[in-house]
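Here is how the chains run, residue by residue.
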Amino acid sequence: MPCGQENPSRYTHVWKPRPVSEGPRMQRDPGTCQLRAPLKRSRILHMALMGTSDPSSGAEASQGKPFLLRALQIALVVFLYWVTSISMVFLNKYLLDSPSLQLDTPIFVTFYQCLVTTLLCKGLSTLAACCPGAMEFPTLRLDLRVARSVLPLSVVFICMITFNNLCLKYVGVAFYNVGRSLTTVFNVLLSYLLLKQTTSFYALLTCGIIIGGFWLGVDQEGAEGTLSWTGTLFGVLASLCVSLNAIYTKKVLPAVDGSIWRLTFYNNVNACVLFLPLLLLLGELQALLHFAQLGSAHFWGMMTLGGLFGFAIGYVTGLQIKFTSPLTHNVSGTAKACAQTVLAVLYYEETKSFLWWTSNMMVLVGSSAYTWVRGWEMKKVQEEPSPKDEEKSSMGV
């Protein structure tokens, strides 16, 4: 008998009203004859980030592969994320504060990277439309109504990337991780102020470790005579904007049909437009006209490479989450920050005190502990039966 059809002679259908407490009705997949539950919003967001038709499909596909192949894939993806992220930081430091360039136009550097990302998104969309079997990429058409809907997020996005680059301009790469370490603390604070979500004692304790590491790092930078209060302030503002960006992203995603690539496209288009008056007001266009290496192919090559890394970091981040998990991604990011700090100290031939290294370790341990605590709490909530389930079991249902 064909899939999806039943023999009417086997039983008689009796219509019954569905109870209010009954969960979501299962749906039959006509292609596989399997039952599946309707997608929740969190799963839709996960699908948008991963680029899969079902968030469980990636896990099911990976389970069917040999262990060595899966281990090799995971190692390659994590390595790709590390190389892309660390290279982007060192390259941006070169563009923003290199003695050989002597280019004091941080807003223009950020604007150009947004322009490269916009062109890449549009180019990949056109290529996918011309060669539908070769690659998958959403169709991107500029809609002014959608652009206006994304505008509040774009303002936060502009502040985030601008403060990130300004922090990197004024502080060293070795201190960059500590200077931007308060993102987790702002996540907890904004969750309480905006979403009225409370945080457990253990999570707050990890935030205290992060704050302690931040202040110790600031103190040690000052003791060594390398502290930039301007760069530290930009780092704190960047951390705040990263937290706000995560909150606004969840609100704006429905306007772009849950597509991360469409959101990236509209964010960078809005950023390119909003950066133009800033370039005029801050006089960076005038400074760029007097730049000695304006016609240098090396300079524009490095600028374009920075834009490519800025575009690639979003892709490899999603790729790492897809092949591992959000928890593993956070742990990988923390380990990457540690490796980045060590590489920066070695590359720039810096000498740091024991307390300076202690501040970095406090930030890294606090961030890792917060990730572990939140993951443990979420797992505990999922394993505990809901009050409705307990009521049903007590009634013998």
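Residues numbered from 1 in each chain as written. Predicted model: local features only at pLDDT ≥ 70, side-chain atom pairs only at ≥ 80, totals over all residues. Heavy atoms only, no water.

**A short note on the nonpolar core**
Then, number 1: Core analysis: the biggest nonpolar cluster contains 60 residues, and Leu-103, Cys-114, Phe-275 and Met-303 have the highest contact counts within it.
Then, number 2: Residues within four places of Phe-275 in sequence aside, it is in contact with Ile-107, Thr-110, Phe-111, Cys-114, Ile-158, Ile-161 and Thr-162.
Then, number 3: Ranked by size, the runner-up nonpolar core spans 16 residues in total, among them Leu-140, Val-252, Leu-253 and Phe-311. (Core = buried A, V, L, I, M, F, W, Y, C linked by side-chain atoms within 4.5 Å. Buried < 20%, exposed > 50% of the residue type's maximum accessible area, 1.4 Å probe, protein only. Contact = heavy atoms within 4.5 Å.)

**Things to note about helix H12 (residues 297–323)**
Then, number 1: For H12, which comprises 27 residues, the first-to-last C-alpha distance of 38 Å matches the rise-based estimate of 39 Å (1.5 Å per residue) to within 8%.
Then, number 2: Within the sequence span of H12, burial applies to Phe-299, Met-303, Gly-306, Gly-307, Phe-309, Phe-311, Ile-313, Val-316, Gly-318, Leu-319, Gln-320 and Ile-321.
Then, number 3: The distance from a side-chain oxygen at the start of H12 to the backbone nitrogen of His-298 is 3.3 Å, and the residue carrying that oxygen is Ser-296. (Helix = DSSP H or I, 4+ residues; strand = E, 2+ residues; numbered from the N terminus. Expected span 1.5 Å × (residues − 1). Polar contact = N/O pair within 3.5 Å; in protein donor to acceptor, adjacent residues only side chain to side chain.)

**Observations concerning the side chain of Asn-268**
Then, number 1: In this structure, Asn-268 sits in helix H10 (residues 260–281).
Then, number 2: Excluding residues that lie within four positions of it along the chain, Asn-268 makes contacts with Cys-114, Thr-117, Thr-118 and Phe-157.

**Overview of the packing of H12 against helix H13 (residues 326–347)**
Then, number 1: Close contact between H12 and H13 brings their axes to 7 Å; oriented N to C, the two are set at 125°. The orientation of H12 relative to H13 falls into the category oblique. As H12 runs across H13, the sense of the crossing is right-handed. Contact residues: H12 offers Thr-317, Gln-320 and Ile-321, while H13 offers Pro-326, His-329 and Ser-332. (Axes fitted to C-alpha atoms, helices over the stretch in contact; angles between N-to-C directions. Parallel < 35°, antiparallel > 145°, perpendicular 65-115°, else oblique. Left-handed = near helix turned anticlockwise from the far one by under 90°.)

**Here's the deal with helix H8 (residues 201–223)**
Then, number 1: Compared with the 33 Å implied by 1.5 Å per residue over 23 residues, the 33 Å span of H8 between its first and last C-alpha is a close match.
Then, number 2: All buried positions along H8 are accounted for by Ala-203, Thr-206, Cys-207, Ile-210, Gly-213, Phe-214, Gly-217, Val-218, Gln-220 and Glu-221.
Then, number 3: Looking at the buried residues of H8, the elements they touch are helix H6 (173–179), helix H7 (183–195), helix H9 (229–252) and helix H14 (354–383).
Then, number 4: Gly-225 occupies a position one or two residues after H8 and carries a positive phi of about 80°.

**Describing the confidence of the model for the protein**
Then, number 1: Averaged over every residue, the pLDDT of the protein is 81; the share at 70 or more is 80%.
Then, number 2: Segment residues 1–62 is flagged for pLDDT under 50; beyond a separation of four residues in sequence, or across chains, it makes 49 contacts in the model.
Then, number 3: Throughout residues 392–397 the model reports pLDDT below 50, and contacts reaching past four residues in sequence, or to other chains, amount to two contacts. (pLDDT = per-residue confidence, 0-100.)

**Here we look at the pattern of salt bridges**
Then, number 1: What the rule picks out here adds up to seven salt bridges.
Then, number 2: Between Glu-350 and Lys-352 there is a salt bridge, with its nearest N and O atoms 3.7 Å apart.
Then, number 3: Of the residues examined, Glu-350 reaches a relative accessible area of 30% and is grouped as partly exposed.
Then, number 4: On the accessibility criterion, Lys-352 (16% relative accessible area) is buried.
Then, number 5: Sharing partners across several salt bridges, the network here consists of Glu-221, Glu-224, Glu-350 and Lys-352. (Salt bridge = Lys/Arg side-chain N within 4 Å of Asp/Glu carboxyl O.)

**Let's talk about a nonpolar patch on the surface**
Then, number 1: Taken together, the side chains of Leu-189, Tyr-192, Leu-193, Leu-194 and Leu-195 make up a nonpolar region of the molecular surface, amounting to roughly 490 Å² of accessible area.
Then, number 2: Summarising the element assignment, Leu-189 is placed in helix H7.
Then, number 3: According to the relative accessible area criterion, Leu-189 is partly exposed, its value standing at 43%. (Patch = residues over 30% accessible without salt bridge, like charges linked within 9 Å, V, L, I, M, F, W, Y side chains within 5 Å. Areas by Shrake-Rupley, 256 points an atom, 1.4 Å probe, with all protein chains shown as cover.)

**Observations regarding the packing of aromatic side chains**
Then, number 1: The final tally for this structure, using the stated rule, is 19 aromatic pairs.
Then, number 2: On the numbers, 5.5 Å between centres and 75° between planes, the contact of Phe-265 with Tyr-266 is edge-to-face.
Then, number 3: Note on Phe-265: relative accessible area 6%, which makes it buried.
Then, number 4: Owing to a relative accessible area of 5%, Tyr-266 belongs among the buried residues under this scheme.
Then, number 5: Here a set of aromatic residues connected by ring pairs shows up, and it is made of Phe-108, Phe-111, Tyr-112, Phe-291, Phe-299 and Trp-300.
Then, number 6: Note that Lys-169 overlies the ring of Tyr-170, its terminal NZ or CZ placed 5.8 Å from the centroid.
Then, number 7: Just above the ring of Tyr-248 sits the side chain of Lys-251; from NZ or CZ to the centre is 5.6 Å. (Phe/Tyr/Trp six-rings, centres within 6.5 Å; stacked < 30°, edge-to-face > 60°. Lys NZ or Arg CZ within 6 Å of the ring centre and 35° of its normal.)

**Re the packing of H8 against H14**
Then, number 1: Between H8 and H14, whose axes approach to 8 Å, the crossing angle comes to 160°. One finds that H8 runs roughly antiparallel with respect to H14. Pair H8 / H14 crosses with left-handed handedness.
Then, number 2: Counted by class, the contact of H8 with H14 contains 14 nonpolar, nine polar and two charged residues. (Nonpolar A, V, L, I, M, F, W, Y, C, P; charged D, E, K, R; others polar.)

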